[in-house]
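Breakdown of the fold
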Amino acid sequence: MAVVFQKTKGLTDKPFHYCPGCMHGIIHRLIAEVMEEMDILDKTIGVASVGCTYNNYDYFSCDMVQAAHGRAPAVATGIKRCKPEEMVFTYQGDGDLASIGTAEIVHAAARGEKICTFFVNNAVYGMTSGQMAPTTLLGQVTTTSPLGRDAETRGYPINVSEMLSTLTGAVYIERVALFDYKHIQEAKKAIAKAFRVQQAGLGFAMVEFLSTCPTNWGKEPIEALEWCKEKMVPQYPLGVFKGKDLEV
Amino acid sequence: MIDFSIILAGFGGQGVLSAGKMAAESALIEGKEVSWFPSYGPEMRGGTANCSVVISDEPIGSPVINEPDVLIALNQPSLEKFEDTLKPGGIIIIDSSLVKVAPKRTDIRFIPINSSEIASELGSMAYATIVLLGCVSAATGAFTRDSFEKALYDVLPERRHHMIPNNLNAFDKGAEFANK
Amino acid sequence: MAEVVLMKGNEAIAESAIRSGCLYYFGYPITPQTEIAAYMAKTMPKRGGVFLQAESEIAAINMVYGVAGSGKRVMTSSSSPGISLKQEGISYLAGSELPALIVNVQRGGPGLGGIQPSQSDYFQATKGGGHGDYRNLVIAPASVQELYELTVKSFDLADKYRMVCMILGDGTIGQMMEPVAFKEKEDTVEIAKPWATTGMHGREKHNTITSIYIDPDDLEAKNRELQEKYREIEEKEVMFESSNLEDAEIVIAAYGTCSRICKNVIRQAAELGIKVGMVRPITLWPFPSKEFARVADMPSVKGFLDVELSSGQMIEDVRLAVNGKKPVYFHGRMGGNLPTQKEILDEIVKIHKGEM
């Protein structure tokens with residue numbers, strides 16, 4: 001019997017613990033598929049961070065290190081500097097990367113660390129159950145912005161991709177979405193390009209994924225996808241912010 | 001038995017820290033136990049700087065000196081700060097080109113040397129502290145001229161070795177004051 | 001013949017680390033330890049290593065975490081306020097059981113405090129520092145030669161027990177110069193680290209480095225494992241130097257800089273006919289409790305004098321060890337001041353006369 005589909009070798013057999021409608025599972029699979037297709041599973045070290053994906057070291061079948069909140073880019077810097085031949089990636093959420101770890105991501109990018117960062121932006125803190133994130137939209141209700149995020153007391157959302165693309169050391173920055181098959185395929189291409197940038201030793205590469213959190217948004221999965229498309233994309237436009245013409 | 005503690009003090013930039021290090025390097029060449037401890041921090045930039053050097057035949061206890069045997073003062077604040085701490089019978093050496101007052105203590109040996117003038121005659125103010133080291137060597141026997149010369153070869157980069165004769169000259173001029 | 005050079009304490013640590021096979025240094029500038037970073041910046045590239053000035057102490061300790069997880073020898077250094085910032089990472093290193101060398105060249109606190117020597121981080125270093133039930137090996141050298149030798153040993157101990165080894169110095173130890181006799185070759189062996197995340201390269205199972213155990217039973221089991229390791233260290237790795245204990249009437253407890261000052265005091269006391277000995281802990285954790293207990297049982301010993309650059313931190317461990325058998329007195333200075341020999345001698349005379 002012909003095998004028409006099988007799970008990528010980049011993932012272990014452990015079932016995901018993520019909520020229904022969460023995009024982490026898709027992003028994990030895309031990264032894992034790319035690692036398998038590029039034949040780099042054996043020479044990749046991933047860095048898990050703090051958030052719902054804290055234990056994705058159980059899911060990815062490459063060597064994995066778990067880092068403290070926000071510190072994944074610093075941990076990855078250490079790994080890459082002593083293992084320059086290996087491929088190193090961080091997997092971070094918006095609270096981790098854009099709030100507590102702002103310094104680490106900015107400086108890793110500024111130094112042009114030859115690592116890939118996969119940044120998952122779902123506009124909310126997931127693991128701690130629905131608090132306001134730096135990427136929370138204006139007006140968005142969370143447990144710590146119960147009347148909706150107001151700019152006066154809670155400031156404005158941070159557009160990480162745009163911000164990091166101003167740094168010389170960041171050579172490839174792209175924001176992608178996952179709300180349909182076409183976008184998922186584009187996201188996969190972005191992941192592969194980020195790894196190729198690292199392989200070529202060009203500098204820092206980041207892919208930002210617009211993602212959903214049906215549980216903490218209080219929406220059905222399909223509703224959440226619509227919300228992501230309608231509300232998040234205007235604030236976080238898709239596209240390549242750095243390295244559009246980069247041929248790798 | 002040799003067991004000397006020296007405090008060298010002056011303004012930052014006068015070279016007291018390096019002079020202290022040269023004294024320690026010279027004594028080390030003779031196989032003596034040595035320690036060097038600097039003042040550190042913002043005062044290094046223009047304020048007062050000092051270092052403590054201990055030279056001994058025995059293993060050294062504290063590198064921090066409360067009662068020095070010798071005080072080398074390159075400015076007046078340093079003389080005022082450390083004069084009272086000197087051991088009875090100790091030696092105070094000053095650069096009399098810069099320090100215009102004499103110590104009040106009478107239970108010590110006082111050696112004023114116009115070392116800055118001597119240094120400028122030799123062509124560089126850097127020799128001022130070397131003149132004073134020459135005096136320390138001759139007055140205490142803590143280290144010899146021979147080991148000082150060897151230390152110069154060790155410490156100075158080769159492109160500076162042409163300065164060694166002038167350094168020795170400065171050293172000898174200082175030594176003369178010890179015997180006056 | 002061994003090469004003898006006059007060297008600053010801070011530089012001796014750096015040179016020793018490189019000789020121990022530590023080729024990765026991450027740090028952030030802070031007085032009075034910056035010579036370590038400067039030496040590394042100058043020397044590492046020539047010796048095939050990596051020096052990186054991090055954006056913060058927090059980033060530096062996490063870079064250390066990354067390298068340690070990869071199985072390479074690695075270090076960072078700082079001074080008190082910077083070490084406080086590193087505590088998060090130190091706790092993670094403890095939880096993930098990663099070996100690393102951390103140097104604290106202490107200065108006075110709390111807060112920004114001052115830049116002059118202090119021993120006021122004893123509690124932080126020996127009792128945990130960060131969150132959770134963990135220990136670091138804490139080593140307190142008292143000379144530049146010891147800084148060199150104990151730095152080499154620190155890397156071996158860190159590797160052997162998969163944990164953080166901290167060199168606890170202070171501004172005096174770091175800034176002073178003394179002769180160091182370097183060996184031609186260090187007798188240090190880097191042991192195999194099959195647990196490291198190196199990339200699998202054909203290894204069957206992927207390695208993971210983590211400190212998170214969500215299930216309370218798993219976390220308790222992990223803690224029991226750590227505690228078992230700590231008990232083994234307390235049995236096997238205690239280091240101290242006892243001197244002049246024969247017929248000693250008063251015994252000084254002091255480490256690092258204070259022990260150096262006290263050496264002079266012991267000579268001066270002898271001139272006054274007072275027999276003073278000293279127990280100098282070299283490992284602050286594990287603490288030489290048995291030695292203090294033994295000395296407390298000596299009939300000649302009337303009491304102890306604990307001398308520190310703090311308001312009295314190590315004294316708690318001394319008192320626990322002495323266990324009320326003899327009085328333990330204290331003399332300390334704070335804020336970056338050092339006690340004078342006379343101050344300490346006066347205390348000894350008072351104790352000797354029974355005036356305390």
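In this report, the structure presented in the accompanying data block is examined. (Residues numbered from 1 in each chain as written. Chains lettered and ligands numbered in written order. Predicted model: local features only at pLDDT ≥ 70, side-chain atom pairs only at ≥ 80, totals over all residues.)

When helices and strands are tallied, chain A shows 9 helices and 7 strands. Rg of the C-alpha trace for chain A: 17 Å, near the compact-globule value of 18 Å for 248 residues, within the 12% margin. Here chain A holds 248 residues, and the buried ones make up 56% of them. (Helix = DSSP H or I, 4+ residues; strand = E, 2+ residues; numbered from the N terminus. Rg over C-alpha atoms; globule rule 2.2 N^0.38 Å. Buried ≥ 20, exposed ≤ 12 C-beta atoms within 10 Å, placed from the backbone.)

Residue and element names in this part refer to chain B. Over its 13 residues, helix H4 (residues 128-140) extends 19 Å from the first C-alpha to the last, a length consistent with the 18 Å expected when each residue adds 1.5 Å. Counting buried positions along H4 gives 10 out of 13 residues, so the element sits mostly inside the fold. Once H4 finishes, Gly141 follows within two positions and takes phi at roughly 70°, a positive value. (Expected span 1.5 Å × (residues − 1).)

Contacts are most numerous between chains A and C, taken over all 2 pairs of chains that touch. Where chain A comes nearest to chain B, the C-alpha atoms are still 28 Å apart, and the two do not contact one another. (Contact = placed C-beta atoms within 7 Å.)

The bulk of non-glycine residues show a negative phi, and the bulk of peptide bonds are trans. Omega for the peptide link from Gly109 of chain C to Pro110 of chain C comes to 0°, which places this bond in the cis form. In this fold, Pro110 of chain C is placed in the loop between strand S5 (100-106) and helix H5 (122-126). Positive phi is not limited to glycine here, since Asp39 of chain A has a value of about 55°. Mapped onto the elements of the fold, Asp39 of chain A is located in the loop between helix H1 (24-37) and strand S1 (44-48). Looking at Asp39 of chain A, the number of C-beta atoms within 10 Å reads 8, which means it is exposed. Despite not being glycine, His201 of chain C has its phi angle at roughly 45°, a positive value. Looking at the secondary structure, you find His201 of chain C in the loop between strand S8 (177-182) and strand S9 (208-209).

Contact residues are listed per partner, giving 16 residues for chain B and 18 residues for chain C. Within the residue set of the side of chain B that touches chain C, elements represented by two or more residues are helix H1 (16-29) and strand S2 (33-38) of chain B. In terms of residue count, the dominant contributor to the side of chain B that touches chain C is S2 of chain B (5 residues). Of the residues in the side of chain B that touches chain C, the class split is 9 nonpolar, 5 polar and 2 charged. (Nonpolar A, V, L, I, M, F, W, Y, C, P; charged D, E, K, R; others polar.)

Taken together, the contacts link 29 residues of chain A with 34 residues of chain C. Going through the elements one at a time, S1, strand S2 (63-66), helix H2 (72-82) and helix H4 (102-110) of chain A are the ones with two or more residues in the side of chain A that touches chain C. Looking at the side of chain A that touches chain C element by element, the count peaks at 8 residues for H2 of chain A. Of the residues contributing to the side of chain A that touches chain C, the split by class is 14 nonpolar, 7 polar and 8 charged. Where S2 of chain A lies against S9 of chain C, 2 bridges are found, and the strand directions are parallel. Counted as the bridge partner of Val65 of chain A is Ile209 of chain C from S9 of chain C. (Pairing = 2+ DSSP bridges.)

What follows covers the sheet that holds strand S12 (residues 276-281) of chain C. Residue and element names in this part refer to chain C. Taken together, the 5 strands give an open sheet; going across it, the order is S10-S12-S11-S14-S15, and neighbouring strands pair in mixed fashion. Because the sheet does not close on itself, it has two edges, and the strands there are strand S10 (240-243) and strand S15 (328-332). Taking each pair of neighbouring strands and ignoring which way they run, the sheet shows an average axis angle of 20°. With 4 bridges joining them, S10 and S12 adopt antiparallel strand pairing. Looking across to S12, one finds that Ser242 is bridged to Val279. Along the sheet, helix H10 (residues 289-296) contacts S10, strand S11 (250-253) and S12; its crossing angle with S12, the most-contacted strand, is approximately 165°. (Axes fitted to C-alpha atoms, helices over the stretch in contact; angles between N-to-C directions.)

Residue and element names in this part refer to chain C. Strands sit in the order S3-S2-S4-S5-S7-S6-S13 across an open sheet of 7 strands; the sheet is mixed. Both edges of this open sheet fall to strand S3 (50-53) and strand S13 (283-285), since each of them pairs with a single strand only. The sheet shows a mean angle of 20° between the axes of neighbouring strands, direction not considered. Bridging between strand S6 (residues 137-139) and S13 involves 2 bridges; their strand directions are antiparallel. Among the inter-strand pairings, Val138 is bridged to a residue of S13, identified as Trp285. Seen against the sheet, helix H3 (residues 57-69) touches strand S2 (24-27), S3, strand S4 (74-78) and S5 and runs at an angle of roughly 165° to S4.

Another point: the packing of H3 of chain C against helix H4 (residues 80-96) of chain C. Residue and element names in this part refer to chain C. Relative to each other, H3 and H4 sit at 30°, their axes nearing to 8 Å. Relative to H4, the element H3 is oriented roughly parallel. By crossing handedness, the relation of H3 to H4 is classed as right-handed. Contacts from Glu57, Ile58, Ile61, Asn62, Val64, Tyr65 and Ala68 in H3 reach Gly82, Leu85, Lys86, Glu88, Gly89, Ile90, Tyr92 and Leu93 in H4. Among the residues forming the contact of H3 with H4, the class breakdown is 9 nonpolar, 3 polar and 3 charged. (Parallel < 35°, antiparallel > 145°, perpendicular 65-115°, else oblique. Left-handed = near helix turned anticlockwise from the far one by under 90°.)

Another aspect to go through is H1 of chain B. For an α-helix, the turn length of 3.6 residues means that residues three or four places apart are oriented alike. Spanning 14 residues, H1 of chain B covers 20 Å between terminal C-alpha atoms, matching the ideal 20 Å at 1.5 Å per step. The buried count for H1 of chain B comes to 13 of 14 residues, which makes it a mostly enclosed element.

Turning our eyes to something else, we now look at the packing of H2 of chain A against H4 of chain A. Between two packed helices, both the angle of their axes relative to each other and the distance between the axes serve to describe the pair. Residues and elements named next belong to chain A. Contact pair H2 / H4: the axes reach a minimum separation of 7 Å and the direction vectors enclose 40°. Between H2 and H4, the angle falls in the class oblique. Counting all contacts with H2, which are made through Pro73, Ala74 and Thr77, the residues of H4 involved are Glu104, Ile105 and Ala108. Of the residues assigned to the contact of H2 with H4, the class counts are 4 nonpolar, 1 polar and 1 charged.

Turning our eyes to something else, we now look at the nonpolar core. Among the nonpolar cores identified, the biggest contains 243 residues, and Phe209 of chain A, Ile93 of chain B together with Ala100 and Leu101 of chain C are the most heavily contacted of them. When residues of this core are sorted by domain, at least three fall in each of domain 1 (3-236) and domain 2 (240-353) of chain C. Setting aside chain neighbours within four positions, we find Phe209 of chain A in contact with Met23, Ile27, Phe118, Phe119, Val120, Asn121, Val176, Leu178 and Ala187 of chain A. (Core = buried A, V, L, I, M, F, W, Y, C linked by C-beta atoms within 7 Å. Domains from an automatic or database assignment.)

Residues and elements named next belong to chain A. Positionally, Pro221 belongs in helix H9 (residues 221-235). A tally of 14 C-beta atoms within 10 Å means that Pro221 is categorised as partly exposed. Each C-alpha atom, one on Pro221 and one on Gly46, is 28 Å from the other, the two residues being 175 residues apart in sequence. Those residues in contact with Pro221, other than ones at most four positions away along the chain, are Pro20, Gly21 and Pro214.

Residues and elements named next belong to chain A. Across the 6 residues of strand S4 (residues 116-121), 6 count as buried, placing the element largely inside the fold. Judged by which residues are buried, S4 turns out to be covered on both faces: Cys116, Phe118 and Val120 on one side and Thr117, Phe119 and Asn121 on the other are all buried. Relative to S4, strand S3 (residues 87-93) runs parallel, the two sharing 5 bridges. Note on S4: the bridge partner recorded for Tyr91 is Phe118. As paired strands, S4 and strand S6 (residues 204-210) are joined by 6 bridges and run parallel to one another. Residue pairing in the sheet places Thr117 in a bridge with Met206 of S6.

Here we take up the environment of Ile282 of chain C. Within the fold, Ile282 of chain C resides in the loop between S12 and S13. Not counting residues within four places of it along the chain, the set of residues in contact with Ile282 of chain C comprises Ile139, Ala140, Met239, Phe240 and Glu241 of chain C.

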